[in-house]
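Okay, here's what each chain looks like letter by letter:
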Amino acid sequence: MLKQTISIAVMASMATLAGGCASTQEVANAPVPVDAQTLQSNLASQEASIVNVIAQAQNQQQQHLDALNTQLQGLQQQMKKLQQPPKETIKEVQVPAPCEASPIGDKYILGEVESVFIDELNASFDTRIDTGAESSSLDARNIILFERDGAQWVRFDVMINGADAPGKTFESKVVRFVRIKQDADEKDDRRPVIHAHLKIGKYAAETDLNLTDRSHLEYPLLLGRKFMKDIAVVDVGQAYLHGKAKDLVISSHK
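All values derive from a computational prediction rather than experimental measurement. (Residues numbered from 1 in each chain as written. Predicted model: local features only at pLDDT ≥ 70, side-chain atom pairs only at ≥ 80, totals over all residues. Heavy atoms only, no water.)

Caption draft 1: The arrangement of the sheet that holds strand 6 (residues 168-173) in detail. If you trace the three strands from one edge of the open sheet to the other, you get 4-5-6, paired in antiparallel fashion. At either margin of the open sheet sits one strand with a lone partner, and together these are strand 4 (141-148) and strand 6. Strand-to-strand twist across the sheet, computed as the mean angle between neighbouring axes with direction ignored, equals 20°. Sheet topology note: the strand 4/strand 5 (residues 151-158) ladder contains six bridges and is antiparallel. When the sheet's bridge partners are listed, Glu147 is paired in strand 5 with Gln152. (Pairing = 2+ DSSP bridges. Helix = DSSP H or I, 4+ residues; strand = E, 2+ residues; numbered from the N terminus. Axes fitted to C-alpha atoms, helices over the stretch in contact; angles between N-to-C directions.)

Caption draft 2: Structural detail: the pattern of salt bridges. All chains considered together, the criterion is met by eight salt bridges. Across the pair Arg141 and Asp213 runs a salt bridge, and its minimum N-O distance is 3.4 Å. Here Asp213 lies in the loop between strand 9 (203-212) and strand 10 (221-223) and Arg141 lies in strand 4, a separation of 72 residues in the sequence. Given the relative accessible area of 38%, Asp213 is considered partly exposed. A salt bridge links Glu171 to Arg148; the shortest N-O distance between them is 2.7 Å. You can see Glu171 sitting in strand 6 and its partner Arg148 sitting in strand 4, a full 23 residues away along the chain. Given the relative accessible area of 36%, Glu171 is considered partly exposed. For Arg148, a relative accessible area of 31% puts it in the partly exposed group. (Salt bridge = Lys/Arg side-chain N within 4 Å of Asp/Glu carboxyl O. Buried < 20%, exposed > 50% of the residue type's maximum accessible area, 1.4 Å probe, protein only.)

Caption draft 3: Summary view of unusual backbone geometry. At Asn122, a position not held by glycine, the phi torsion is positive, near 55°. In this structure, Asn122 sits in the loop between strand 1 (108-118) and strand 2 (123-129). Positioned with a positive phi, Asn142 is a non-glycine residue whose angle comes to about 50°. Note on placement: Asn142 falls in strand 4.

Caption draft 4: The nonpolar core, seen in detail. One finds Ile118, Phe125, Phe156 and Phe227 to be the most contacted residues of the largest nonpolar core, which totals 29 residues. When contributions to this core are tallied by element, the ones reaching two or more residues are strand 1, strand 2, strand 5, strand 8 (189-200), strand 9, strand 10 and helix 3 (225-228). If we ignore the near neighbours within four places in the chain, the residues touching Ile118 are Ala123, Phe125, Leu138, Ala196, His197, Leu198, Leu209 and Leu221. (Core = buried A, V, L, I, M, F, W, Y, C linked by side-chain atoms within 4.5 Å. Contact = heavy atoms within 4.5 Å.)

Caption draft 5: Representation of the pairing of strand 8. Across two bridges, the pairing between strand 1 and strand 8 is antiparallel. Pairing of Ile118 across the sheet is with Leu198, part of strand 8. Bridge analysis of strand 7 (residues 176-180) against strand 8 gives five bridges, and the strand direction is antiparallel. Pairing of Arg179 across the sheet is with Arg190, part of strand 8. As paired strands, strand 8 and strand 9 are joined by eight bridges and run antiparallel to one another. Residue pairing for strand 9: Ile194 is matched across the bridge by Leu209. Two successive antiparallel strands, strand 8 and strand 9, enclose a turn made up of two residues, where Gly201 displays a positive phi of approximately 65°.

Caption draft 6: How the structure looks around the side chain of Ser172. The topology assignment puts Ser172 in strand 6. Assessed through its relative accessible area of 16%, Ser172 is described here as buried.

Caption draft 7: The arrangement of the packing of aromatic side chains in detail. As enumerated under the stated definition, the model contains three aromatic pairs in all. For the pair Tyr108 and Tyr203, a centre-to-centre distance of 4.5 Å together with 25° between the ring planes defines the contact as stacked. Within this pair, whereas Tyr108 is found in strand 1, its partner Tyr203 is found in strand 9, the two being separated by 95 residues in sequence. Ring geometry for Phe146 against Trp153: centres 6.5 Å apart, planes inclined by 35°, an arrangement best described as tilted. Positioned above the aromatic ring of Trp153 is the side chain of Arg148, whose terminal nitrogen or guanidinium carbon lies 4.5 Å from the ring centre. (Phe/Tyr/Trp six-rings, centres within 6.5 Å; stacked < 30°, edge-to-face > 60°. Lys NZ or Arg CZ within 6 Å of the ring centre and 35° of its normal.)

As structure tokens, then:
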């Protein structure tokens, strides 16, 4: 009997505890009461967020529509251009600016090599036009000085028929003597100078020529700066600008 009584008491206690736990759990899960002001604030915040999202969506949609409208206008303009007949293009004639005055002026233009005719020798020579040399020189052999009527003269040979043929002898009055120094270690070369009349194409001029053996050089005649001063300029990239004379031509020593 006692055992039954204890069992009933234990069961009653357990039932009481179980009921108490259930009541506590229901109380814990119940919503927390919120006052009206907090609820209104939360609703306003959510409403603002929704309005902001809608505005962003509308803005993006408007930008997309604007881009499509711009593309449409561009296509319409292209269609109008294609439908219009092509216009005749009139190109304005551009008047070129006047050229500056040439520094050459009326000077004669010579190539680096020209054919030069010497009246006194009645022969033409392949001639080096050399702005680096001051005076002009003619290839002469067997140079002999002598006097005639109290004046100084010179007798010399010119190889007008080529280096292998006998030279032709000429005599001319000496107008002066000139000293030429080729190298620093050598003595001055005293040369007789004669006066000559030259022709280069249609151009005629007078100049002084000093006589010397030029057999070791490429050209038998050299015209220097004194000949060209104030009358001619040299284009070193050209040769025989005025052609070769039809008379006897003494070629270069090669």
